[in-house]
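The lines below spell out each chain.
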Amino acid sequence: MVELIPAIDIIDGKCVRLTKGDYEQKTVYRDSPADVAQEFEQLGFKRLHVVDLDGAKSKHIVNDQVLREITQRTSLVVDFGGGIKTDEDIEKAFDAGASMVTVGSIAVTRPDLFGQWLQKYGADRMILGADVRNGKISINGWKEDSTEDLLPFLRKYIDQGVKTVLCTEISKDGTLQGPAINLYKEVMTAYPTLHLIASGGVSSKEDIEALDQAGIPAVVFGKAIYEGRIDLKELVTLNRDRVWD
């Protein structure tokens, strides 16, 4: 059964969504991310994906106090990403209550540092972020494309102990045009034991069902929630009843 993980993206302390990672295509949905997190918990969700978009753009954590408010007001298991570039950043995220961190850019630009973090904190607390555009890994808030191809990039870190990967197809993100199922199938075929979290493009319950049927372990989704495309109460009930097994 696919694991359901709602997302909260933060700019200026507010709950927002971008389209294809474009900061010029920003929609503000709620002023208080912590209120939104509480509502997710009340509906029955256990996990939450939080992205500091200011941090991703600034290359250091910016919204750690918002993260702290979320973790103090809920019991959600929160994974946090965006702007984690230094030892100070990762410690700040964990100190603010993150159960896990999602790290992408550093895994490309400083593989030695990512390897150190993996050893220090353990694979259960480290999620490898793999944001893909035209088959290449994108970094620094999706502002730059690297020369890293997706599958060899994943292999390098799976060999070092990585268990969980959050993979976003940038061309799909925030578009509500459906997830990149073929991409995720390709990853799962190559690495069948990987805990892959699909991200980008989810627009409906049917999209989530399709990911489940494709054998994708988990999915992050956000804009479909805020645009009212998905009935969360129905989704949680269906998930709880395990009708997609």
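Everything below is about the structure printed above this text.
Note that the coordinates shown come from a computational prediction; the quantities given were computed from them, not determined experimentally. Just so you know, the residues in each chain are numbered from 1, in the order the chain's sequence is written. Owing to the predicted nature of the model, reporting of local features is limited to residues with pLDDT of at least 70; listing and counting of side-chain atom pairs is limited to 80 or more, with chain, interface and lining totals taken over all residues. Heavy atoms from the whole structure form the basis of all side-chain values; hydrogens and water molecules are not counted.

1. Some thoughts on the overall build of the chain
Link 1 in the chain: Helices and strands together make up the secondary structure of the chain, namely 11 helices and 12 strands.
Link 2 in the chain: In terms of C-alpha radius of gyration, the chain reaches 16 Å, essentially the compact-globule figure of 18 Å for 245 residues.
Link 3 in the chain: Expressed as lengths along the three principal axes of its C-alpha atoms, the size of the chain is roughly 45 × 40 × 35 Å.
Link 4 in the chain: In this scheme, a residue with accessible area under 20% of its type's maximum is buried, one over 50% is exposed, and one in between is partly exposed, where area comes from a 1.4 Å probe on protein chains only. Of all 245 residues assigned to the chain, the portion counted as buried reaches 60%.
Link 5 in the chain: Put simply, 65% of the contacts in the chain that link residues at least 6 apart link residues at least 24 apart. Numbering of helices and strands runs from the N terminus, with a helix taken as a DSSP run of H or I at least four residues long and a strand as a DSSP run of E at least two residues long. Between the two quantities, the radius of gyration covers C-alpha atoms and the globule rule is 2.2 Å times the number of residues to the power 0.38. Whether two residues are in contact is decided by their heavy atoms: any pair within 4.5 Å suffices.

2. Considering the pairing of strand S1 (residues 3-11)
Link 1 in the chain: Along S1, eight of the nine residues are buried, which leaves the element largely enclosed by surrounding structure.
Link 2 in the chain: Being paired, for any two strands, means DSSP has found at least two bridges between them. Direction of pairing for S1 relative to strand S12 (residues 218-221): parallel, over a ladder of four bridges. When the bridges of S12 are listed, Ile 5 appears paired with Val 220.
Link 3 in the chain: Here S1 pairs with strand S4 (residues 47-52) via four bridges, running parallel. Counterpart to Ala 7 in the pairing with S4 is His 49.

3. Re the packing of helix H7 (residues 150-158) against helix H8 (residues 181-190)
Link 1 in the chain: Contact geometry for H7 and H8: axes closest at 11 Å, N-to-C directions at 40 degrees. Judged by the inter-axis angle, H7 sits oblique to H8. Taken as a pair, H7 and H8 cross one another with a handedness that is right-handed. Along its contact with H7, which presents Leu 150, Leu 151, Leu 154 and Arg 155, the element H8 presents Leu 183, Glu 186, Val 187 and Ala 190.
Link 2 in the chain: Its residues placed into classes, the contact of H7 with H8 shows six nonpolar, no polar and two charged. Lines are fitted to the C-alpha atoms to define the axes, a helix being fitted only along its stretch in contact, and any angle between axes, read from their N-to-C directions, falls within 0 to 180 degrees. Reported orientations rely on four angle classes, namely roughly parallel under 35 degrees, roughly antiparallel over 145, roughly perpendicular from 65 to 115, and oblique for the rest. Handedness of a crossing is defined here by the sense of rotation of the near helix relative to the far one, left-handed for an anticlockwise turn of less than a right angle and right-handed for a clockwise turn. Each residue gets one of three labels, nonpolar for Ala, Val, Leu, Ile, Met, Phe, Trp, Tyr, Cys and Pro, charged for Asp, Glu, Lys and Arg, and polar for the others, Gly among them.

4. Focus on the packing of helix H4 (residues 87-95) against helix H6 (residues 111-121)
Link 1 in the chain: Direction vectors running N to C along H4 and H6 enclose 35 degrees, while the axes themselves pass 11 Å from each other. Both H4 and H6 take part in a crossing whose hand is right-handed. Residues Asp 87, Ile 90, Glu 91 and Phe 94 of H4 touch H6, and the partners they reach there are Leu 113, Trp 117, Lys 120 and Tyr 121.
Link 2 in the chain: Here the contact of H4 with H6 is built from residues that sort into five nonpolar, no polar and three charged.

5. Re the nonpolar core
Link 1 in the chain: Phe 114 and Phe 221 are the most contacted members of the largest nonpolar core, which totals 74 residues.
Link 2 in the chain: For Phe 221, the residues in contact, after removing those within four places along its chain, are Leu 4, Ile 5, Pro 6, Ala 7, Phe 45, Val 202, Ile 208, Ile 230, Leu 232 and Leu 235.
Link 3 in the chain: Among buried residues, the Ala, Val, Leu, Ile, Met, Phe, Trp, Tyr and Cys ones that are joined through side-chain atoms within 4.5 Å form a nonpolar core. Residues Ile 5, Ala 7, Leu 166 and Ile 197 belong to the second largest nonpolar core, which totals eight residues.

6. A look at the packing of aromatic side chains
Link 1 in the chain: Stacked, tilted and edge-to-face pairs are distinguished by plane angle, under 30 degrees for stacked and over 60 for edge-to-face with tilted covering the rest, among Phe, Tyr and Trp rings (Trp via its six-membered ring) whose centres lie within 6.5 Å. Considering all chains together, one arrives at five aromatic pairs under this definition.
Link 2 in the chain: Plain terms: the ring middles of Phe 40 and Phe 45 are 6.0 Å apart, the flat faces sit at 75 degrees to each other, and that makes the pair edge-to-face. For the pair Phe 40 and Phe 45, one class covers both residues: buried.
Link 3 in the chain: When the ring of Phe 94 is compared with that of Tyr 121, the centres are 5.1 Å apart and the planes differ by 45 degrees; the resulting orientation is tilted. Taken together, the residues Phe 94 in helix H4 and Tyr 121 in helix H6 connect sequence positions 27 residues apart.
Link 4 in the chain: Since its relative accessible area comes to 14%, Tyr 121 is described here as buried.
Link 5 in the chain: Ring pairs connect the aromatic residues Phe 114, Phe 153 and Tyr 157, which therefore count as one cluster.
Link 6 in the chain: The ring of Tyr 23 carries Lys 57 above its face, with NZ or CZ at 4.8 Å from the centroid. Placement of a charge over a ring requires the Lys NZ or Arg CZ to be within 6 Å of the ring centre, with the centre-to-atom vector within 35 degrees of the ring normal.

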